[in-house]
Amino acid sequence: MSIQLNTLSQSSLQDYNDCPRRFELRYLQQLAYPAIETEPALENEKHLKEGEYFHRLAQQHFIGIPAEQVSKLANTDNLQRWWDNFTNATDLSSLTSSPKGKDLPGLKTEITLSAPLGKFRLVAKYDLIAFGGEKIYIYDWKTYRKRPKNEWLAVRWQTRVYRALLVQAGAHLNGGKSIQPEQIEMIYWFPDFPNDPARFDYKADQFKRDWDALTKLADEITTASSFPKTDEVSKCSYCPYRSYCNRGIRAGDALDAELETEAEELFDINFEQIGEIEF
Ligand code: SF4
């Protein structure tokens, strides 16, 4: 097939995995969302915006703005609760209790990495990468209203892509030294469930499995001649493209939807900032 797409991300791969037709509509045809994704729509939209804003607050803190100052920007009930949980979380204390106003060593926030993958570039934007001695921690903030199961997170493309891409393309963040899979731990931290983060370590055989699978998927997408609709009709209930597929007009439940569909952040990525190694 002739394909205009140059990049793949965890979101586009997850869409391809969940429904090739959705991947086609969203990334190849680049159709704007034609339907309200979930109900209640307004409340869901507000929650999404607050989630984005929370990411900005965390970033401001990690570039050295004191927590008390950032706290003043947490101006909704949700943001205030999330921010309080964030600054009080024992799991994050080594990250959040640094000297006021001082740039934090070993912490890279809102970093974008990319590496060639078949005919594409695989791109990922990280909320925070923390270098602590030999260990390297990938943090991802998830403002979900429902704590997903670890088993569900473990097989998500985000968990696989973020760890694999850090091994493949993160050496320049590590003083030029290559990163071994065993050094990496990925942590999903949930502002509404501050004492229950999900942690995933990594091993060489997992990295090999992930990179092989990514390469295979990239080849499959390049040569695909059709993008069929998913057989799992339940995936359609929160999908914005329902009206294109005759898969119902009623929107699905927002709590389930936020686990299954996340905003594509690729368009926020500044390609000047992308660090890449050739291989
Ligand atoms: S409505 Fe269903 S079949 Fe159509 S793109 Fe969405 S998930 Fe795929």
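Thresholds applied
Residues numbered from 1 in each chain as written. Predicted model: local features only at pLDDT ≥ 70, side-chain atom pairs only at ≥ 80, totals over all residues. Helix = DSSP H or I, 4+ residues; strand = E, 2+ residues; numbered from the N terminus. Buried ≥ 20, exposed ≤ 12 C-beta atoms within 10 Å, placed from the backbone. Contact = placed C-beta atoms within 7 Å. Pairing = 2+ DSSP bridges. Near = placed C-beta within 6 Å. Nonpolar A, V, L, I, M, F, W, Y, C, P; charged D, E, K, R; others polar. Expected span 1.5 Å × (residues − 1). Axes fitted to C-alpha atoms, helices over the stretch in contact; angles between N-to-C directions. Parallel < 35°, antiparallel > 145°, perpendicular 65-115°, else oblique. Arc of directions from axis to C-beta. pLDDT = per-residue confidence, 0-100.

**A few points about the overall build of the protein chain**
Moving on, step 1. Within the protein chain, the secondary structure is distributed over 11 helices and nine strands.
Moving on, step 2. Burial analysis of the protein chain (279 residues in total) assigns 32% to the buried set.
Moving on, step 3. Across the protein chain, every contact between residues at least 6 apart in sequence was considered, and the portion connecting residues at least 24 apart equals 70%.

**Points about the pairing of strand E4 (residues 120–132)**
The two faces of a sheet get side chains in turn, since along a regular strand they alternate between them.
Moving on, step 1. Relative to E4, strand E1 (residues 7–9) is paired through three bridges, and the arrangement is parallel. Each residue of the ladder has a partner; that of threonine 7, found in E4, is arginine 121.
Moving on, step 2. Of the strand pairs in this sheet, strand E3 (residues 107–117) and E4 are connected by 10 bridges, and their pairing is antiparallel. Counterpart to leucine 117 in the pairing with E4 is phenylalanine 120.
Moving on, step 3. Between E4 and strand E5 (residues 135–141), which pair antiparallel in sequence order, lie two residues; one of them, glycine 133, sits at a positive phi of approximately 65 degrees.

**A word on unusual backbone geometry**
Moving on, step 1. We note that glutamate 110 has phi near 50 degrees; this positive angle belongs to a residue other than glycine.
Moving on, step 2. Within the secondary structure, glutamate 110 is located in strand E3.
Moving on, step 3. For glutamate 110, a count of 19 C-beta atoms within 10 Å puts it in the partly exposed group.

**Overview of the site of the ligand**
Moving on, step 1. Of all residues adjacent to the ligand, which total 13 residues, the nearest are Cys19, Lys229, Cys236, Cys239 and Cys245.
Moving on, step 2. Elements represented by at least two residues in the shell around the ligand include exactly helix H2 (20–28) and helix H10 (242–245).
Moving on, step 3. When residues of the shell around the ligand are assigned to their parent elements, the largest contribution, three residues, is made by H2.
Moving on, step 4. Here the residues of the shell around the ligand sort into six nonpolar, one polar and six charged.

**Quick word on helix H8 (residues 157–169)**
Moving on, step 1. If you check H8, its first and last C-alpha atoms are 17 Å apart, about what 13 residues at 1.5 Å a residue would give, namely 18 Å.
Moving on, step 2. Of all 13 residues making up H8, 12 are buried, and the element is well covered by its neighbours.
Moving on, step 3. Along H8, the residues classified as buried are Trp157, Thr159, Arg160, Val161, Tyr162, Arg163, Ala164, Leu165, Leu166, Val167, Gln168 and Ala169.

**Some details on the packing of H8 against helix H9 (residues 204–223)**
Moving on, step 1. In the contact formed by H8 and H9, the axes pass within 10 Å of each other and the chain directions differ by 100 degrees. Compared by their axis directions, H8 and H9 come out roughly perpendicular. Along its contact with H8, which presents Arg160, Ala164, Val167 and Gln168, the element H9 presents Phe207, Asp210, Trp211 and Leu214.

**Some thoughts on the environment of arginine 247**
Moving on, step 1. Structurally, arginine 247 is set in the loop between H10 and strand E8 (252–253).
Moving on, step 2. When the C-alpha atoms of arginine 247 and serine 234 are compared, they prove to be 9.5 Å apart, with 13 residues separating the residues in sequence.
Moving on, step 3. Sequence-distant contacts of arginine 247, that is, excluding residues within four places in its chain, are made with Val233, Cys236 and Arg242.

**Some thoughts on the environment of isoleucine 65**
Moving on, step 1. Assignment of secondary structure puts isoleucine 65 in the loop between helix H3 (41–62) and helix H4 (67–71).
Moving on, step 2. The exposure class assigned to isoleucine 65 is partly exposed, which follows from the 15 C-beta atoms found within 10 Å.
Moving on, step 3. Discounting residues that sit within four places of it in the chain, isoleucine 65 has contacts with Gln60 and Val70.

**Some details on H3**
Moving on, step 1. Over its 22 residues, H3 runs 32 Å from end to end, which matches the ideal 32 Å to within 8%, given 1.5 Å per residue.
Moving on, step 2. Among the residues of H3, those classed as buried are Asn44, Gly51, Phe54, Leu57, Ala58, His61 and Phe62. Mapping the buried residues of H3 onto a view down its axis gives an arc of 130 degrees, with all of them on the same face. Exposed residues on H3 whose side chains face more than 90 degrees from its buried face are Leu42, Lys49 and Arg56.
Moving on, step 3. Phi for glycine 64, located one or two positions after H3, is positive at around 115 degrees.

**Here's the deal with the confidence of the model for the protein chain**
Detailed reading of the predicted model is not advised wherever pLDDT is low.
Moving on, step 1. The predicted model of the protein chain averages 85 in pLDDT, with 81% of residues at 70 or higher.
Moving on, step 2. The least confident element of the protein chain, judged by mean pLDDT, is strand E9 (residues 275–276) at 44; the most confident is H8 at 98.
Moving on, step 3. Low pLDDT, under 50, characterises residues 98–104; the stretch is placed with nine contacts to residues that sit more than four places away or in other chains.
Moving on, step 4. Below pLDDT 50 for its whole length, residues 263–279 participates in 25 contacts with residues either more than four positions away or in separate chains.

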